[in-house]
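Chain residues, written in single-letter form:
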Amino acid sequence: RQSLQVNLGKFLGSIAGLDGTSSEEISIEASIEQLNLSDSNEKDQLNQGSTSLVAVDLINSAGPDCISIQSQSSRFARWNLFAATESKKKSNFQAVLHYCEHGFCFLGKKLWADDLTQISRELHEIAAFASYAVGNTADTTQFAEGIIENVSLEQSLFAQLMILRALESEEEHQHIIARGLALLRSLNLNVPSNPTPQIIMEILTETGNSAYKYSEEDIITMQKSTSVNSIQRNVMHLLGAVSMACYQTASPYYPLVMCELVNYSLENGVCEESAQAFALLGYYQMFLQGNYISGKYWADVAEKIIENSTKLNFQANLCLKSFCYLWHKPWGQLTDELFSLYEISMKAGYIDGAMYAICQYWRMSFARGEKLSVISRHYDSFMESIVKHCYSILKFVILDFSLINELTGNSDDPYSYFDEDIHNEEELVLDGKERNNSHLLHFIARKRFFSSFLFGDFSKAAIYSKEASSFPTSRVPKIQLIHHYFYHGLMAFRLCRDGKGASYLKEGQEMLEFMTIWHEHSPRTFENKLYLLEAEYLAASCNRNASLQRFDLAIKSSRDNGFIQEQGLAHELKGHYLSSIIEIPQAKESYEKAYHCYIQWGANAKAERIRKDHNLEISRGDVEQNSLKHNRDW
């Protein structure tokens, strides 16, 4: 029977062209008839799959012990490599690992022999990728190290990248930076070892000047006409992986690695991997040099490169949709694009990337005012996947989830998802301190600032805002930064009005200046925020009429642009101001409107706090009617 399986497998392999020739006009049914198979199970097996995979499965069933000629072993190892590659295209990563294992068995002791180095490397590469896709970082590292030990540095770049990705899943960002920089310097890439602010600005300026020698059309022409080899692509991937680790830690190496990625792309050819370089160039043009027009220009170049690419460039897409375009595109559009990025990443096997995308999607959904109960259900449905495939981001997701629970009054315990001894936020703080994880500690402080502000404890909010701002990651541009500046400005003007110190007026004015600039580039997103900050500034300046006018403009703009939570906030802050100038009936009317907005948003606990603090008389019918007004489809 094993002999029959080998012969049938060889025959079908020749039909499928597994050895480089093909006779596709011969059908599987004809093959069965020609070989006079009597086993109905084998007939069913042949008719269920593609000819090539059936051929490989038959050879694997017979096993390497039935192969008498050594050359046949390497031949069938190549067949398994082909089957693994086909399975990877279908995102069937368990099948990939299955075929790789058989490929290793056929090579046996000849694994990494001089004449079999290439197939040994390719089997290890695809096995490392598949292990990473199914969340097995230990096997990912093992397969990658097998490559590194047996080939040259240039040939091991993909393996090096997989190790960096495995480290990313383990939240070992500093290890990624140290290992990555050492690799880049081994490749003769010039990343200065002492990145002072002066050096960073000089290199950013030089890189910007070099890039501006090329128009958008020039860069796209380079992409279409330049052939970039696999080694060059892997160098770009390495630069991208190191830059993301630098981002997570607010490392001063971040802009330097980004500049090296831009220069490397311009020198060696533009391809889809280059998109991240230009996205990051735009990012830094905006936030280190304050040039939003130039920043958008380079972001648009990156987007154009992506549009002309056939492969997924996750990092560039995430950078554009989660950072660069926050100041230029409507948030509703970015929310939809982030969900699409999640779906594409899942199909491509970039599982932890998909988890990053879905988390950014939730944050954008929260920011644009989606109903909180729907976001909460979405969290519930994805938590197990995050625990399995991207445990490194679980702590940050838990904090997001906790804030939503505080607003909704949901009593579910998100900390139950941890497989370690962390049961509440205080223990999470201790974990961050023990691990010296400044990124996590900053995230906790910012979450506490948001919570204190949204529940009206402005004095406590000021403490947490100061704590959050003390971390180096606090000024990294992202969606939370926008809300931090927005809330901090509102809080500062209120504390100034309450007599807590004139310094708060200056802090509020600084946030107002940021919002004025941002409004110029995306009025739909920032108009209501600008009006509300102006209202609080005018209130602090004792300009009653102008302040109330701005409050009303903020309310209208929030409603027109779909920011239901900020419409409620504008009503609430208007109520606070009216109370402070003893216009109590008007204040109560504003609080009632704020209550109904928060109910529509799904922030039931927040709405209940408003009702109790201001003795509002709200009927159950009013609550049920208003809660239905904002029931958007996800």
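From a predicted model like this one, the values you see are computed outputs, not experimental measurements.

Right, let's get into the overall build of the protein. Looking only at helices and strands, one finds 32 helices and zero strands in the protein. Here the protein holds 634 residues, and 57% of them are scored as buried. Sequence separation of 24 or more characterises 67% of the internal contacts of the protein that already satisfy a separation of 6 or more. Carbon and sulfur atoms make up 47% of the accessible area of the protein, which totals about 26800 Å².

Turning our eyes to something else, we now look at the layout of surface pockets. In this model, the largest pocket occupies a volume close to 1300 Å³. Counting residues per element, the lining of the largest pocket draws most heavily on helix H13 (residues 230-249), at 11 residues. Quantified by volume, the second largest pocket comes out at close to 700 Å³. Along its surface, the second largest pocket is lined by 30 residues, and Glu170, Glu171, Glu172, Arg435 and Asn437 are the ones closest to its centre. If you list the elements that add at least two residues to the lining of the second largest pocket, you get helix H7 (117-133), helix H10 (173-186), H13, helix H19 (351-367), helix H20 (372-389), helix H21 (394-408) and helix H23 (438-454). Here the element with the most residues in the lining of the second largest pocket is H20; it accounts for three residues. A per-class count over the lining of the second largest pocket returns eight nonpolar, 13 polar and nine charged.

The final tally for this structure, using the stated rule, is 39 aromatic pairs. Seen from their ring centres, phenylalanine 287 and tyrosine 292 are 5.6 Å apart, and the 80° between their planes marks the pair as edge-to-face. Where tyrosine 415 meets phenylalanine 418, the ring centres are 5.9 Å apart and the plane angle is 40°; that geometry is what we call tilted. Of the two residues, tyrosine 415 and phenylalanine 418, both sit in the buried class. The ring of phenylalanine 129 carries lysine 88 above its face, with NZ or CZ at 4.7 Å from the centroid. A cation over a ring is seen here: lysine 606 above phenylalanine 455, with NZ or CZ 6.0 Å from the ring centre.

Our next topic: unusual backbone geometry. Non-glycine residue asparagine 436 carries a positive phi angle of around 55°. Looking at where asparagine 436 falls in the secondary structure, it is placed in the loop between helix H22 (425-434) and H23. One non-glycine residue, asparagine 615, lies in positive phi territory at about 50°. Inspection of the secondary structure puts asparagine 615 in the loop between helix H31 (604-613) and helix H32 (620-627).

The tally for this structure, following the rule as stated, stands at three cavities of 30 Å³ or more. If you add up the space inside the largest cavity, you get close to 320 Å³. Together, 23 residues line the largest cavity, and Gln248, Tyr356, Gln360, Arg363 and Ile393 are the ones closest to its centre. Every element with two or more residues in the lining of the largest cavity is listed here: H13, helix H17 (314-322), H19, H21 and H23. At four residues, the largest contribution of residues to the lining of the largest cavity is made by H19. Here the residues of the lining of the largest cavity sort into 12 nonpolar, seven polar and four charged. Considering only enclosed or pocket space, the second largest cavity measures out at about 250 Å³ in volume. Taken together, 19 residues make up the lining of the second largest cavity; nearest its centre are Phe366, Asp400, Leu403, Phe450 and Gln480. When contributions to the lining of the second largest cavity are tallied by element, the ones reaching two or more residues are H19, H20, H21, H23 and helix H25 (479-497). Of the residues forming the lining of the second largest cavity, the biggest block, five residues, is contributed by H23.

Between H17 and helix H18 (residues 331-348), the least distance of the axes is 10 Å, while the angle of their chain directions is 165°. In terms of their interaxial angle, H17 and H18 are classed as roughly antiparallel. In this structure, the crossing between H17 and H18 has a hand that is left-handed. Residues Phe314, Asn317, Leu318, Lys321 and Ser322 of H17 form the contact with H18, whose participating residues are Leu334, Glu337, Leu338, Leu341 and Ser345. The class makeup of the residues in the contact of H17 with H18 is five nonpolar, three polar and two charged.

Within the structure shown, the criterion is met by 25 salt bridges. Linking lysine 529 and glutamate 566 is a salt bridge whose minimum nitrogen-to-oxygen distance equals 3.0 Å. On the criterion of sequence distance, the pair formed by lysine 529 in helix H27 (residues 523-540) and glutamate 566 in helix H29 (residues 564-580) is long-range, its members being 37 residues apart. Residues lysine 529 and glutamate 566 agree in their burial class; the two are buried. Across the salt bridge formed by glutamate 589 and lysine 593, the nearest N and O atoms sit 3.4 Å from each other. Of this pair, glutamate 589 and lysine 593 both sit in helix H30 (residues 584-601), four residues apart, which is roughly one turn of the helix. Given the relative accessible area of 39%, lysine 593 is considered partly exposed. By sharing partners, the salt bridges in this structure join Glu406, Glu425, Glu426, Lys447 and Arg448 into a single network.

Along the chain, the position of asparagine 209 falls in helix H11 (residues 197-211). Separated by 291 residues in the primary sequence, asparagine 209 and lysine 500 have C-alpha atoms spaced 47 Å apart.

Another aspect to go through is the confidence of the model for the protein. Overall, the predicted model of the protein reaches an average pLDDT of 88, with 91% of residues at or above 70. Between residues 21-49, whose pLDDT stays under 50, and residues either more than four places distant or in other chains, the model counts 43 contacts. Note on residues 630-634: pLDDT is under 50 here. Beyond four places in sequence and across chains, it has 18 contacts.

Glancing now at the packing of helix H16 (residues 292-307) against H17. Between two packed helices, the angle of one axis relative to the other and the distance separating the axes together describe the packing. H17 packs onto H16 with a crossing angle of 140° between their chain directions and a minimal axis gap of 10 Å. Regarding the angle of H16 to H17, the classification is oblique. The crossing of H16 and H17 is left-handed. Two secondary-structure elements touch here, H16 through Ala299, Ala302, Glu303 and Ile306 and H17 through Ala316, Asn317 and Leu320. Taken together, the residues of the contact of H16 with H17 sort by class into five nonpolar, one polar and one charged.

By size, the foremost hydrophobic cluster in this structure holds 217 residues, and its most contacted members are Phe278, Trp331, Trp362, Leu407, Phe453, Leu532 and Leu569. Contact partners of tryptophan 331, with chain neighbours within four places excluded, come to Leu326, Met364, Ala367, Arg368, Ile479, Ile482, His483, Thr525, Phe526, Lys529 and Phe563.

This paragraph deals with H31. All of the buried residues along H31 are Lys606, Ala607 and Ile610. Seen end-on, H31 carries its buried residues on one side only, within an arc spanning 100°. In this fold, the buried residues of H31 make contact with H21, H23, H29 and H30. Once H31 ends, the next one or two residues include asparagine 615, with phi positive near 50°.

So, how was this worked out
Residues numbered from 1 in each chain as written. Predicted model: local features only at pLDDT ≥ 70, side-chain atom pairs only at ≥ 80, totals over all residues. Heavy atoms only, no water. Helix = DSSP H or I, 4+ residues; strand = E, 2+ residues; numbered from the N terminus. Buried < 20%, exposed > 50% of the residue type's maximum accessible area, 1.4 Å probe, protein only. Contact = heavy atoms within 4.5 Å. Areas by Shrake-Rupley, 256 points an atom, 1.4 Å probe, with all protein chains shown as cover. 1 Å grid on protein atoms, 1.4 Å probe; cavity = no way out; pocket = protein on both sides within 12 Å on 5 of 7 lines; lining within 4 Å. Points joined across faces, edges and corners; volume = space filled by probe spheres on them. Nonpolar A, V, L, I, M, F, W, Y, C, P; charged D, E, K, R; others polar. Phe/Tyr/Trp six-rings, centres within 6.5 Å; stacked < 30°, edge-to-face > 60°. Lys NZ or Arg CZ within 6 Å of the ring centre and 35° of its normal. Axes fitted to C-alpha atoms, helices over the stretch in contact; angles between N-to-C directions. Parallel < 35°, antiparallel > 145°, perpendicular 65-115°, else oblique. Left-handed = near helix turned anticlockwise from the far one by under 90°. Salt bridge = Lys/Arg side-chain N within 4 Å of Asp/Glu carboxyl O. pLDDT = per-residue confidence, 0-100. Core = buried A, V, L, I, M, F, W, Y, C linked by side-chain atoms within 4.5 Å. Arc of directions from axis to C-beta.

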